[in-house]
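A closer look at the structure
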Amino acid sequence: MSFDAILDDYEKRRDHALGMGGPERVAKIKARGSLNARERIDYLFDSGTFIESGLFATSFIPEAQPSTPTDGKVCGYGRIDGREAAVVSHDLSVKGASSSLTNVKKMRHMRETAIKNGMPLVLLNESSGARIPDTMGAVGTGALGQDNEQFVRRREVPYAAAVLGPAYGTACWFTQLSDFVAMRKGGVLAVSSPKVTEIAIKEKVDPEELGGWKMQSEVTGKVDYATDTDEEAIDLIKKFLSYLPSHHNQRAPVAAVPSGSGDAARKIFDIVPAERQKVYDMRKVVAALSDTDSVFEMKPRFARGATTAFARMNGSTVGFVCSNPLFKAGALDPDACDKVTSFLVLCDSFNIPLVFLTDTPGFLIGLAGEVKKAPGKIMNFMTAMQLCSVPKISIVMRKSYGQAYLNMAGTRNADEMLAWPSADIGFMDPNVAVNVVHGVTYEQDPEKFTQLLDEVSQESSAYDLASIFSSQFVIDPRETRDVIIRLLEVHSRERTGGISKHQLCNWPTTY
Amino acid sequence: MAEERVRSEMTGKVWKIVTKVGDKVSDGDEIMILESMKMEIPVMVDTDGTIKEFLVGEGDEVTEDQEIAILET
């Protein structure tokens with residue numbers, strides 16, 4: 001055969017593979033307002049940087065080969081804002097992007113290449129689950145599981161996922177394993193499809209209830225953001241990755257500091273009321289302390305009594321862990337513990353310094369919390385926080401009580417402990433303590449209550465904390481940003497080049 | 001017209017209702033204030049709509065997740 005003929009054949013095969021599941025199926029994807037698997041990759045990567053791996057992979061079943069271009073998962077490498085990344089983009093037009101023996105090998109190669117070379121793994125997920133009949137029977141199922149590291153996370157590199165349609169089986173598993181998840185509204189994230197679920201449990205199941213965006217972003221907290229379009233979801237992945245290093249032995253990239261950064265920090269009293277019974281939105285405080293427009297909140301719709309957010313201070317990434325008085329008075333419930341723990345794991349794994357902003361009445365107590373394993377969640381949070389070896393700066397703003405004081409990196413749990421002069425610290429809110437310790441309520445005896453309140457409130461000030469050197473600084477709230485930046489310069493971890501011990505790197509991805 | 005039930009985020013007491021039936025509200029607006037854990041906790045709606053009915057009055061005790069108002073959306 002001449003080279004012309006060989007190349008002619010090559011081009012035909014390539015065009016067939018690039019054509020995905022054929023014009024009709026691709027048009028269907030477009031009609032529902034989605035990008036197809038290849039358009040998503042184009043949108044993700046810097047123009048002209050994508051190089052595809054496994055273009056000619058197909059099903060291992062000979063008769064299925066013509067109908068399985070790329071075997072339904074488009075894989076390869078490209079650059080995001082100039083930095084290398086690997087991608088798995090599920091192609092719903094090819095057998096529902098179902099997982100098969102061949103395309104699982106492709107996924108493995110992406111994961112291994114990403115980890116070996118220190119670049120993020122991006123998962124554009126949409127899959128009907130395991131492919132039938134490939135995985136049926138002992139031969140089909142037994143052929144799986146060749147990769148005994150497939151589902152292991154050591155967080156050498158970030159995983160970022162988008163759920164852009166149905167995501168069952170492997171697509172669901174890798175979403176669970178990811179550090180960040182954006183979900184297009186209308187997508188479903190679940191173990192199995194509603195059809196399989198209905199057959200199994202003999203009950204009609206609504207896809208939205210089974211694993212829709214509202215449930216996943218507000219109840220389970222597995223999804224960080226819900227979006228209306230594929231583009232928005234992919235933009236969020238890019239934004240998330242911009243705060244992180246490409247791998248665990250790197251510091252996060254440093255950005256330019258926008259003009260006007262720090263102006264709002266000096267007007268912090270416009271946000272935080274002095275009266276402790278008044279609430280405010282801690283997210284506004286984080287925004288004021290950070291470089292202008294640099295805040296990226298994680299899980300904003302889930303467990304809102306806690307705020308977790310990446311931001312930049314003087315151009316460098318920091319992770320904020322806060323109680324937010326606007327929701328549940330800033331009391332931390334079991335979901336908030338999970339949210340904070342996952343963020344601590346992420347920041348420590350990728351060398352992001354932590355700033356704790358505390359204004360909390362404590363952990364939310366009560367029957368509902370106990371049923372949701374509050375004690376265990378509090379200890380998971382505490383253990384994770386104590387294992388964090390990135391720099392930790394902890395600031396009590398107005399109040400911090402009981403175990404929550406310790407969980408929010410109180411005393412020696414932080415590299416530096418700070419308090420605003422307004423801070424009140426104790427084993428519980430003094431108003432509650434009067435009742436608990438002395439059995440007196442304001443309603444019963446206002447005079448006695450006030451006298452006891454004065455007694456209980458003794459020695460609970462920022463200065464009392466500083467006097468025993470359990471805090472190193474009492475600061476003017478308007479100087480909070482400047483002090484954090486300066487202390488992070490001091491706690492630079494220069495001996496390790498800013499790299500943490502990564503003691504949380506294989507902490508479970510959901511709990 | 002659809003209805004949206006506004007729920008209490010936590011156990012507490014209704015301290016002040018700051019809107020009235022018929023008021024138009026937007027996502028993030030405060031419709032009442034609860035008192036809990038010695039703090040004033042705003043109840044905010046997360047959708048646009050009109051207040052159709054309050055299911056609680058000032059001074060009432062509420063529990064977490066209790067329905068406290070109905071919005072027409």
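Here the structure is a predicted model, which means the values were calculated and not measured.

**Description of the overall build of chain A**
When helices and strands are tallied, chain A shows 19 helices and 16 strands. Here chain A has a C-alpha radius of gyration of 26 Å; the compact-globule value for 511 residues is 24 Å, and the two agree. Its C-alpha atoms give chain A principal-axis dimensions of about 100 × 55 × 40 Å. Counting across all 511 residues of chain A, residues that qualify as buried make up 56%. Contacts in chain A between residues far apart in sequence, at least 24 positions, make up 73% of those at least 6 positions apart. Counting every atom, chain A has about 21,900 Å² of accessible surface; 55% of that belongs to carbon and sulfur. Between the averaged position of the 58 positive side-chain charges in chain A and that of its 63 negative side-chain charges there is a distance of 4 Å.

**Observations regarding the sheet that holds strand β5 (residues 39-44) of chain B**
All names here are of chain B. One open sheet accounts for four strands, arranged β5-β4-β2-β7; its pairing is antiparallel. On the outer flanks of this sheet lie β5 and β7 (61-62), each paired with one strand and no other. One ladder, built from six bridges, connects strand β4 (residues 30-36) with β5; its direction is antiparallel. Residue pairing for β5: I33 is matched across the bridge by P42.

**Points about the pattern of salt bridges**
This model, assessed by the stated rule, comprises 41 salt bridges over all chains. In this structure, E52(A) engages R38(A) in a salt bridge whose closest nitrogen and oxygen atoms are separated by 2.7 Å. Of this pair, E52(A) sits in strand β1 (residues 51-53) while R38(A) sits in helix α3 (residues 37-44); the two residues are 14 residues apart in sequence, bridging distant segments of the chain. We classify E52(A) as partly exposed; its relative accessible area is 23%. Judged by its relative accessible area of 12%, R38(A) falls in the buried class. Put simply, D224(A) and K299(A) hold a salt bridge, and the shortest N to O gap is 3.7 Å. Of this pair, D224(A) sits in the loop between α9 (213-219) and β8 (225-227) while K299(A) sits in the loop between β9 (296-298) and β10 (306-313), and the two are 75 residues apart along the sequence. Of the residues examined, D224(A) reaches a relative accessible area of 2% and is grouped as buried. Salt bridges linked by common partners bring E3(B), R5(B), R7(B), K52(B), D65(B) and E67(B) together as one network.

**Here we look at the packing of aromatic side chains**
All names here are of chain A. Following the criterion strictly, the structure yields 13 aromatic pairs over all chains and no others. Between Y225 and F296, the aromatic rings sit 5.5 Å apart at their centres with planes inclined by 20 degrees, giving stacked as the arrangement. Highlighted residues: Y225 in strand β8 and F296 in strand β9, separated in sequence by 71 residues. The two residues Y225 and F296 agree in class, both being buried. Each ring, one from Y243 and one from F296, has its centre 5.8 Å from the other, and the planes form 10 degrees; the classification is stacked. Of this pair, Y243 sits in the loop between α10 (230-242) and α11 (282-289) while F296 sits in strand β9, placing them 53 residues apart in sequence. A single burial state applies to Y243 and to F296, both of which are buried. By way of ring pairs, the aromatic residues F180, Y225, F240, Y243, F296, F310 and F343 are connected into one cluster. Directly above the aromatic system of Y159 lies the positively charged group of R153, at a separation of 3.8 Å from the ring centroid. Cation over ring: K238 sits above Y43, and NZ or CZ is 5.1 Å from the ring centre.

**Observations regarding the environment of Q472(A)**
All names here are of chain A. Counting through the fold element by element, Q472 comes out in the loop between α18 (462-467) and β16 (473-474). C-alpha separation for the pair Q472 and M1, spaced 471 residues apart in sequence, amounts to 80 Å. Side-chain polar atoms of Q472 contact the backbone oxygen of F469, separated by 3.1 Å.

**Some thoughts on the side chain of R184(A)**
Residues and elements named next belong to chain A. Residue position: R184 is located in strand β6 (residues 180-184). At 3.3 Å, the side chain of R184 forms a polar contact with the backbone oxygen of G33. Non-local contacts of R184, meaning those with residues more than four positions away in its chain, are made with R32, G33, S34, V163, L164, T227, D228, T229 and D230.

**Points about a nonpolar patch on the surface**
On the surface, F427(A), V432(A), V436(A) and V437(A) cluster together to form a nonpolar patch covering roughly 370 Å² of accessible area. Inspection of the secondary structure puts V432(A) in helix α16 (residues 430-438).

**Notes on the sheet that holds strand β8 (residues 67-72) of chain B**
One key point about sheets: their strands pair by backbone hydrogen bonds, in either a parallel or an antiparallel sense. All names here are of chain B. If you trace the four strands from one edge of the open sheet to the other, you get β1-β8-β6-β3, paired in antiparallel fashion. Strands at the two margins of the open sheet, each flanked by one partner only, are β1 (3-7) and β3 (24-25). In terms of strand pairing, strand β6 (residues 49-54) meets β8 through four bridges, oriented antiparallel. Paired with I51 across the two strands is L71, which belongs to β8.

**Regarding the interface of chain B and chain A**
Contacts between the two partners involve 10 residues from chain B and, on the opposite side, 17 residues from chain A. When the two sides are added together, the surface that chain B and chain A hide from each other amounts to roughly 1,400 Å², 64% of it contributed by carbon and sulfur. Counting the contacts that link chain B with chain A gives three salt bridges. A salt bridge links E64(B) to K328(A); its shortest N-O distance comes to 3.4 Å. Along the contact surface separating chain B from chain A lie four residue pairs in polar contact (both at pLDDT 80 or more). When the residues that make up the side of chain B that touches chain A are grouped by side-chain class, the tally is six nonpolar, no polar and four charged.

**Section: the side chain of T113(A)**
If you trace the backbone, T113(A) turns up in helix α4 (residues 101-117). Those residues in contact with T113(A), other than ones at most four positions away along the chain, are Y77(A) and M119(A).

**Looking at the pairing of strand β4 (residues 121-127) of chain A**
All names here are of chain A. Taking burial as the measure, the seven residues of β4 include seven buried ones, the bulk of the element. The alternating pattern of β4 places L121, L123, N125 and S127 and V122, L124 and E126 on opposite faces, both of which are buried. Relative to β4, strand β3 (residues 83-90) runs parallel, the two sharing four bridges. Bridge pairing in β4 links V88 to L123. Between the parallel pair β3 and β4, the chain is carried across by α4, and the sense of this crossover is right-handed. Where β4 lies against strand β5 (residues 159-167), six bridges are found, and the strand directions are parallel. If you follow L124 over to β5, its bridge partner there is A162. In this region the chain leaves β4, passes through helix α5 (residues 137-142) and returns to the parallel neighbour β5; the handedness of that crossover is right-handed.

Rules used in this analysis
Residues numbered from 1 in each chain as written. Chains lettered and ligands numbered in written order. Predicted model: local features only at pLDDT ≥ 70, side-chain atom pairs only at ≥ 80, totals over all residues. Heavy atoms only, no water. Helix = DSSP H or I, 4+ residues; strand = E, 2+ residues; numbered from the N terminus. Rg over C-alpha atoms; globule rule 2.2 N^0.38 Å. Buried < 20%, exposed > 50% of the residue type's maximum accessible area, 1.4 Å probe, protein only. Contact = heavy atoms within 4.5 Å. Areas by Shrake-Rupley, 256 points an atom, 1.4 Å probe, with all protein chains shown as cover. Lys, Arg positive; Asp, Glu negative; His and termini not counted. Charge placed at Lys NZ, Arg CZ, Asp CG, Glu CD. Pairing = 2+ DSSP bridges. Salt bridge = Lys/Arg side-chain N within 4 Å of Asp/Glu carboxyl O. Phe/Tyr/Trp six-rings, centres within 6.5 Å; stacked < 30°, edge-to-face > 60°. Lys NZ or Arg CZ within 6 Å of the ring centre and 35° of its normal. Polar contact = N/O pair within 3.5 Å; in protein donor to acceptor, adjacent residues only side chain to side chain. Patch = residues over 30% accessible without salt bridge, like charges linked within 9 Å, V, L, I, M, F, W, Y side chains within 5 Å. Buried area = accessible area lost by both parts, 1.4 Å probe. Nonpolar A, V, L, I, M, F, W, Y, C, P; charged D, E, K, R; others polar. Right-handed = clockwise from strand over helix to strand, strands pointing away.

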